[in-house]
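So the chains spell out like this:
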Amino acid sequence: MISSRPATAKSARAEEEAKRDHAAEGDAEELRGVSSEEEEHPEAEYGKSERRLEPGVPFDYYKTLGIGKSADQGAIRKAYRRLALKFHPERNQDPDSKGICVKVAEAYDVLSDGNEKRAVYDQYGPAGLEDGVPPREGYLGFKGGYKFHGNAEQVFVSFFGGKNPFEDFFSVHTETGKCTAFGPRLGGMHGMNPKHNESSPTKSKTGGLPRGPMQSPPVEKFLEVTLEELYLGTVKKMKVTRKVFNEDQTTTTQTDKVLTIHVKRGWKDGTRVTFPKEGDQGPNIIPADIVFIIKQLPHPYFVRQGDELVHTLNLTLGQALCGTIVDLVTLDGRRLKIPVHEVMRPDYVKEVQGEGMPLSKSPDVRGKLLMKFKIEFPVYLNEEQKRMIRKALETKTSHPMQHVRDPEDHRRQKEVS
């Protein structure tokens, strides 16, 4: 005999939870942009033989993404999106998910480069990427040295533009209405679900990664200039090679661009010149700024100290004592004749106003020229020279004990007596 009875409150709650879980799974599938059939497609299942790969062991990038070697960039992006979402540790509790995500990111890093790395990998495999390919006629070669940086977060954020693709799902389908705190499970892919009370202007209101594209770090290069160029000002043209979007706005091509730098008079060593967003273009990223840093080359005759120029010259002892006229050629080619009448001690510094470096904010105003001296002493003096020097430098003193007698006078006095 079959009897029917109303469902208990407990069974009703279980049924409601099952419906809610089913709805959540459906929303998650919609959020990822793939169907349930596609999720279970054999190609989407990360190869079982690949799941226990040891670090540093080469593996097949195409098999990792579940695609063929003829796959275009659209298919590569679709495969990475599917696997990155499926095995992301924020939603996949499998202990192997972290390692899988890193392998998927490495495969995408190589294959999404439709110009060089993928072509080298297709022909020479991982050894070609690491060891390089020698040049030959019609081919410049590949310098090698490629090694995946190991940061799956960087690839993930670059692909999704910094937005957490799970945040809307988790914020709606939890009992408390708050994001679940899985924590940073990807070894650097952090910030998906931080503490609920944590706030930051760079994070979304739901506690996920920053919304919208993220800008790549600045690319910095030294720009070498001479002291004359900083004194007079100059124009430098620098050629940079960068990736720009093709018409499909997905793939990129390397192109050259010439950036013009107007070096102003009086710029100092370390001055930074920034070209905003002139770096590589790519999906869901803001191009990096290119920054040139002024590096002053040494000068054979002048040393710069802020807005002052220091020039050191050699003098004989006679010039140091009696004075001289210094003949000096400036950085802009003028010839100066600077009289020095003072007695020049070893620590003496002659200051010449207005002959230093231009002030960067007021180029028509210049700092000081500081002249320092190295005094060259004679190696040998005969007795007559010594006597003449003593006589010339002899001073009268009032105290008899302070008088130093000339040894030559003392000898002559003994001969007379």
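A brief look at the structure comes next.

Rules and cut-offs
- Counting restarts for each chain, with residues numbered from 1 along the sequence as it is written.
- Thresholds applied to this predicted model are a pLDDT of at least 70 for local features of residues and 80 or more for the giving and counting of side-chain atom pairs; totals over whole chains, interfaces and linings are not thresholded and use all residues.
- By convention in this description, side-chain values take in all heavy atoms of the structure and omit both hydrogens and water.
- Each helix corresponds to a stretch of at least 4 residues labelled H or I by DSSP, and each strand to a stretch of at least 2 residues labelled E; elements are numbered beginning at the N terminus.
- Buried, partly exposed and exposed residues are distinguished by accessible area as a fraction of the type maximum, computed with a 1.4 Å probe on protein chains only: under 20%, between the cut-offs, and over 50%, respectively.
- Here a residue-residue contact requires only that any non-hydrogen atoms of the pair lie within 4.5 Å.
- For every accessible area listed, the method is Shrake-Rupley and the probe measures 1.4 Å; residues are considered covered only by the protein chains on display.
- Here a polar contact is recorded for every N or O atom pair within 3.5 Å, except that within protein the pair must consist of a potential hydrogen donor and a potential acceptor, and residues adjacent in sequence are included only if both atoms are side-chain atoms.
- A pair of strands is considered paired only if DSSP assigns at least 2 bridges between the two.
- Note on method: axes are straight lines fitted to C-alpha atoms, helices fitted across the in-contact stretch only, with angles between N-to-C directions ranging 0 to 180 degrees.
- Working definition: rings of Phe, Tyr and Trp (its six-membered ring) pair if their centres are within 6.5 Å, and the pair is stacked with planes under 30 degrees apart, edge-to-face with planes over 60 apart, and tilted otherwise.
- Our definition puts a charge over a ring when NZ of Lys or CZ of Arg is within 6 Å of the ring centre and also within 35 degrees of the ring normal.

### Some remarks on the overall build of the chain
Counting its regular elements, the chain contains 12 helices and 15 strands. Taking all 417 residues of the chain together, the buried fraction comes to 36%. Look at the contacts in the chain between residues 6 or more apart in sequence, and 57% of them connect residues 24 or more apart. About 26400 Å² of surface is accessible on the chain, with carbon and sulfur atoms providing 53% of the total.

### Describing helix 7 (residues 152-160)
Burial of helix 7 is extensive: 7 of the 9 residues sit out of reach of the surface. Buried residues in helix 7 make contact with helix 4 (73-86), helix 5 (97-111) and strand 1 (214-215). Its side-chain oxygen placed 3.1 Å from the backbone nitrogen of glutamate 153, asparagine 151 serves as the N-cap of helix 7.

### With respect to the sheet that holds strand 2 (residues 219-225)
Strand order across the open sheet formed by 3 strands is 2-7-5, with mixed pairing between neighbours. Pairing within the sheet leaves two strands with one partner each, and these edge strands are strand 2 and strand 5 (272-275). With direction set aside, neighbouring strand axes in the sheet form an average angle of 25°. One ladder, built from 4 bridges, connects strand 5 with strand 7 (residues 290-296); its direction is antiparallel. Within strand 7, the residue paired with valine 273 across the bridge is phenylalanine 292.

### Points about the packing of aromatic side chains
Following the criterion strictly, the structure yields 7 aromatic pairs and no others. With a centroid separation of 5.0 Å and an interplanar angle of 65°, the aromatic rings of tyrosine 80 and phenylalanine 159 are classed as edge-to-face. Placement of tyrosine 80 in helix 4 and of phenylalanine 159 in helix 7 is noted, with a sequence separation of 79 residues between them. Judged by relative accessible area, tyrosine 80 falls into the buried class, the value being 2%. Through pairs of rings, three or more aromatic residues link up here, namely Tyr61, Tyr62 and Tyr121. Over the aromatic face of phenylalanine 222 sits the side chain of lysine 295, whose NZ or CZ is 5.5 Å from the ring centroid.

### Some thoughts on the sheet that holds strand 9 (residues 308-316)
The strand order across the open sheet formed by 4 strands is 8-9-15-12, and the pairing between neighbours is mixed. Every interior strand has two partners, whereas the edge strands, strand 8 (302-305) and strand 12 (349-352), have only one. Each neighbouring strand pair of the sheet contributes to a mean axis angle of 30°, computed without reference to strand direction. Two elements, strand 12 and strand 15 (residues 369-376), share 4 bridges in a ladder whose sense is antiparallel. Bridge pairing in strand 15 links lysine 350 to methionine 371.

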